[in-house]
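# Close look at the chain arrangement
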Amino acid sequence: MLAQLDVLDLLTPPTMAGRLTHLRAEGLDDETGLTWLLDRTEELVHEAPSLAVELSTLADEAAGVDLPVLRARARYQRARIAAERGELTPALQLIAEARSLWHGAGDAVSALRTDLGRMQVLDDLGRHIDALEVGEALLVEVSTAAYADDPHAQRIRAHATDNVGAAYGFLGQHARALEAYAEAEQLYRAQGMDDVAARPLANRAVELLALGRPREALVDLQAAVVGFSAAGDRLFAAKCQGDTAMAHQQLGELMESLTLLEPARRTLDELGAHAEADRLQLALAETYLAVGMLPEARAAAQASAERTGRAGMTHDQARARFIVALTHLSAGDGRRAEDELRLAAEAFRRVADPQYLARTRLAQAEAAALGGRRDDAAMLAAQAATALEAGGWLMPLTWAYLQLAAWASDPDQAQGYCDRAEALVSDLRLPALTYAWALRAARLHRAQGRVAQAETLLRRAVADSDQASAALPDYALRAAFRSDRFAAHDDLVDLLLEAGEVTQACAVADDEKARTLRDLMSDTVGPGPQLSGRDAETSTAYADLNATYLAIHQTQDGPTLALLRAQADQLEQRVSSLRLRAAAAPEAAESLTGQVQSPSPDAADALAYHVLGNDVVVFMRSQGQVTSRRLLGVVPALTELLEELAAQWSRFAVGRVFAARQQAMMLAATRHTLTQIYDVLIRPVGDFVDQRAGETLVIVPHRVIGSVPFQALYDGSRYLLERSPVVIVSTLSYAEPGPAAIGDRSALVVAAPDAAAPAVAAEGEQVAALLARRVGRAPVRLLSGERASVAAVTAALPGTGLIHLACHAVYRPGNPLFSRLRLDDGWLTSAEILQLDLDGALVTLSACESGRHGQAVEAVGLSWAFLAAGAMGVVVSQWTVHDATTCDLMVLFYRHLLSGQGPAEALRQAQLTVAEEQPHPYFWAPFTYLASPSPVRTVPGSSP
C-alpha cells in the first residue's frame, strides 16, 4: 500500500491538524509509516527542499514524544535544508535539538552524525578553526574500537574526513586538505558508496583551483558531475558546474565560464540552496571582473555582500567586499578600494583565512600605489608575497612578484622578481598571468637595451589579448575585456617608434583604434547587444528603464532627480547583466570579428593622433607614406583646455540675454582657448595641414582627442574650417568616396519637439519640405510629434538613404551603449541602433551631444552606433546646440548637400554662413562629420 501512495498527497490539507488527520487515516502515524515518510522526504531534500521541509515537519509532529529517533531525524533533515538556504543560526539550533534527541534515545552513532552538519554550518559562518576541532574530535571518536564494525560509523568517518579536508582548505593547509580528500574518497568506495565518492572529488577540485591548477581541477569536476548526475543530485551537480566555470575563468575561457555560471546559479536558487547560489553570484562577479565589466561585477558582489551579511556568512561576505574593492581598483579609485579592503581584511582575520588576508594586503599595495605611496605599496606587496610563498598560493604570488618588479627601484631586484614570476607563469600557464608577465618582462628588457626581446614579448601579449577578446561574442564583453589590456599595444607603439619603425608603429596604433567600430559592426543586424525583445525578463527590465529615462527627462526636483538617476544606473546594470547572460547562452551566435584590413593604396591622406601616456604621437600619412611627430607631455594641458572649453559652452545655458550682452567677451575667451588647442595639436604639423588647404582634412582621433572640435580650432586669424572641410574617421583605412547621388535617395525626417526645443518641429517641416522639392521620385517621409514613436522610427529607418533626426540626445560616458535619442514615446538607445540595417545611409543627428564619447579608450556613442549599423556617415554635435540656430544650419546643410557637395563640404559651407550672423563657435561649430571607414556597398532607396 505504501508503494502506491503519493507522499505529496499528505500535504493536501492546508493546516497541520488536517495533515495529521490525513496521516492517521492512511495508517502512517506509527514507526513504520513515519520511517517510510522520512525516507521519501530524504529523496526531496535536494530536489524539492520546500516540500521536504513541510513533510519533515509533519513527521516531527506525528512522532511526538513517543518516537524521539524519528523526531531527531526530521529535525536534522530540516537543519540540512536550512544550512543550504543560508539560514545558519536556525540550522545550528535544529542540529543541537536532533543531537539531544538521538542521545536521549541511546542512538550514539546518529548523535555523532550531527557533527557533520555542525561542521558545514561552522564553515559557512567562517568559523573554520571551530569546524576543524569538531571534525578532528569526531574522527577520534569513530576510529575507536567501539565503532570498528559499525558501517554507519564508518560512513560518518568518511564524511568527517571529507569535511575536515574542507576546513583545512579554508585555513590554507593545502597538502593536508588534499590528503584528506584522497582518504575520504577511499573510505567512501570501501563502504560501497561510489555515488557519494563524487563529493571529495569535487572538494579536491576546489582546492586545486585555489592552488591555480585548473586543468587538474577540471578532470575531477567532470568525474564529480557524472557521479552526482547519476545519483540524481541536482544540487551538487549545479555546485560542480559553478566550480567548473571558475576553472574556465582561470584558463581565460571567459565565455565558457559565463555560459555555466548563470544556469547553475538559477538551479541552486530553484532548489532553495540560497547560500550556494550566493557563492555562485560571487563567482559571477569574479568573472565579470575578469572580463572588465566593472559595474556588473560591483553590482553582483554588493548584492551578495548584503545577503551573506544578513545570513551571518562572514567568510563569503568578506570575499564579496574584496571583489567590490577590486572593481574600485580597476576603476582607479584607490580611496574607495582601501575602505572596502580594510573591512574585508578584518573579516578574513576573524575567520582565519591566510590566503585571502594576503591577497587583501596585495590589493592594499595596489591602492597605495594609486595614491602615490610607492614605499608603502612595496612594503605591503613584500608582506603579501611572504605569506603567499608560505601558503603555496601560486596565482596571487605571481601577481605579487610582478607588482614588486614594477615598484623595485633597483634593476637587478626588479629582474629577480620578474624571473620568479616567469617560473610560476611557465608552470601555471594561465592567460592573465602570461599577459601580465610578458608586459612587465618586455619593459625590463627594453630598459636594459634588449629591444628585440621586448618587441617579441609585446607582440605575443598583443596577440594573446586579441585572441582572448575575439572569443567573446558580444561587443560590450570584448570592449570591457580590452579596457585594461591596451597597455601592450601602447608599449609596442612606443617601442617601434623608438626603433624608427614608424609605419609598423602606425599600423599597431591604427589596429587598436579600428577595433571599436569593427567589433560594433560584427554585432549589427543580428543577435548582438539589443536591449528589448529578446526575452520577457529583458523586455520588462528595459521597459522599466525607459520609464525611468522619461521621468528623468520630465523632472526638475533635485532630490527626485538624484533618486531617478540612481534607479536608472541600477536598471542599466540589470539590463546589461541580462544581455550578457543571453550573449553567454550556448545557443548565442559566435563572434564575427575578423582581421583588420590594411589601408588600401587609395586611402586618404590623414592625421592620426595616438595618446601614449602624457604624450601625443601624430602619424601623418601622405601618398601612402607615414611619418610621425611626438608632442611631449601635452595631454594634461590639453585635458585642462578641453574642460575650460566645455565650461565656456555651458555659459550659454545661463540665458540668452546674458549671452548676447557678454558675447564679445565670451567670443574672445573661446577663441583664446581654441588657439591654445590649435597650438598643441595643429601647429606642430602645420606644414601637413597647410599643404592640403582647400582639400578635405581627414583626422583619426584617440582617447581625449576625440573631444576636440577640430573644425573650430583657431590659429589666431581664422578657423581650421575656413581652410578645409574636416572629416573624422576611426581608422586610416578610410578612403574618400566618390560623388554620391544624394538627390536620388529616399529620406526620413524625424522631429520630436518639446518645451525645451520647440524649434525642432519647424526644423523637421523645413527639412522635409526642402527634400521633397529636390529629391524628385524618391519618397520623403516626415514623422513628427506623436508620429515620431520608437516603433514607427525603428520600422522606417532601414532601407532609407537620407535620415534626419531632430530630437534630444543623452550621452552616457560610463555606459555608452545606453546613450540614447528621445523620441515621442520613449528612447532609442545605441544598443538598439546597432540592430538596424542602415547600409549606405547618410544620417544627421540634430541633437545635443550626439557626437560625444568622453575620454574612453574606445569611442562609443550614438554616432558610432549608426556607423556600425552601416551608415556611410553621421553628422553629430559635440555639445548642447542652440535650438533656432540649428534649424537654420540644417536647412543650409541640405541645400548645399542637394546641390552636389559632399557631406563634409556641405556642412562646412552651412557653418560658414551661420558664422556670419552668429560668430561665436557655440552656435555654428558644434556639428562635425564622422565618416565610415568602409566603402558604401549600396545606396538604399536609389532610383533604378
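Figured I'd write up the structure that's included with this text.

Rules used in this analysis
Residues numbered from 1 in each chain as written. Predicted model: local features only at pLDDT ≥ 70, side-chain atom pairs only at ≥ 80, totals over all residues. Heavy atoms only, no water. Helix = DSSP H or I, 4+ residues; strand = E, 2+ residues; numbered from the N terminus. Buried < 20%, exposed > 50% of the residue type's maximum accessible area, 1.4 Å probe, protein only. Core = buried A, V, L, I, M, F, W, Y, C linked by side-chain atoms within 4.5 Å. Contact = heavy atoms within 4.5 Å. Pairing = 2+ DSSP bridges. Axes fitted to C-alpha atoms, helices over the stretch in contact; angles between N-to-C directions. Expected span 1.5 Å × (residues − 1). Phe/Tyr/Trp six-rings, centres within 6.5 Å; stacked < 30°, edge-to-face > 60°. Lys NZ or Arg CZ within 6 Å of the ring centre and 35° of its normal.

## Remarks on unusual backbone geometry
The bulk of non-glycine residues show a negative phi, and the bulk of peptide bonds are trans. Positioned with a positive phi, Ala352 is a non-glycine residue whose angle comes to about 60°. Positionally, Ala352 belongs in the loop between helix H17 (334-350) and helix H18 (354-370). For Ala352, a relative accessible area of 27% translates into the label partly exposed. You will see that Arg429, though not glycine, has its phi angle at about 55°, which is positive.

## What about the nonpolar core?
In terms of nonpolar packing, the biggest core is built from 226 residues, with Tyr609, Phe619, Leu681, Ile705, Phe710, Leu821 and Phe866 touching the most fellow members. Beyond its immediate sequence surroundings of up to four residues, Ile705 is in contact with Tyr609, Val611, Val616, Leu638, Leu681 and Phe710. Membership of the second largest hydrophobic core comes to 39 residues, among which are Leu139, Ala160, Ala275 and Ala311.

## Description of the sheet that holds strand S9 (residues 808-810)
Spatially, three strands are ordered S9-S10-S11 in an open sheet, and the strand pairing comes out antiparallel. Whereas interior strands pair on both sides, the edge strands pair on one side only; in this sheet they are S9 and strand S11 (827-829). Adjacent strand axes in the sheet meet at a mean angle of 25°, parallel and antiparallel pairs treated alike. Looking at chain direction, strand S10 (residues 820-822) and S11 are connected through three bridges and run antiparallel. Paired with Leu821 across the bridge in S11 is Leu828.

## Focus on the side chain of His174
Take His174: it is sitting in helix H9 (residues 174-190). Discounting residues that sit within four places of it in the chain, His174 has contacts with Glu207, Leu211, Gly391 and Trp393.

## Remarks on helix H3 (residues 49-63)
With 15 residues, H3 ought to run about 21 Å at 1.5 Å a step, and its terminal C-alpha atoms sit 21 Å apart, in line with that. Considered for burial, the residues of H3 that qualify are Pro49, Ala52, Leu55, Ser56, Leu58, Ala59, Asp60 and Ala63. Its buried side turned inward, H3 meets helix H1 (16-25), helix H2 (31-44) and helix H4 (68-84). Of the residues flanking the end of H3, it is Gly64, one or two places downstream, whose phi is positive at about 60°.

## Concerning helix H14 (residues 274-291)
Along an α-helix, residues three or four positions apart point the same way, because every turn accommodates 3.6 residues. In a regular helix each residue adds 1.5 Å, so 18 residues correspond to 26 Å; H14 covers 25 Å between its end C-alpha atoms and thus fits that length. Across the 18 residues of H14, 16 count as buried, placing the element largely inside the fold.

## Brief notes about the packing of aromatic side chains
In total, this model carries twelve aromatic pairs according to the counting rule given. Where Tyr76 meets Trp102, the ring centres are 6.0 Å apart and the plane angle is 65°; that geometry is what we call edge-to-face. Here Tyr76 is found in helix H4, whereas its partner Trp102 is found in helix H5 (residues 88-104), with 26 residues between them in sequence. Judged by relative accessible area, Tyr76 falls into the buried class, the value being 5%. Taken together, a centroid distance of 6.0 Å and an interplanar angle of 70° make the contact between Tyr549 and Trp827 edge-to-face. Linking Tyr549 in helix H27 (residues 536-554) with Trp827 in strand S11, this pair joins segments that are 278 residues apart in sequence. Judged on exposure class, the residue Tyr549 and its partner Trp827 are both buried. Members of the aromatic cluster, each reached through a chain of ring pairs, are Phe322, Phe348 and Tyr356. Taking the ring centre of Tyr549 as reference, the NZ or CZ of Arg820 above it sits at 3.4 Å. The ring of Trp827 has Arg820 lying over it, and the distance from NZ or CZ to the ring centre is 4.9 Å.

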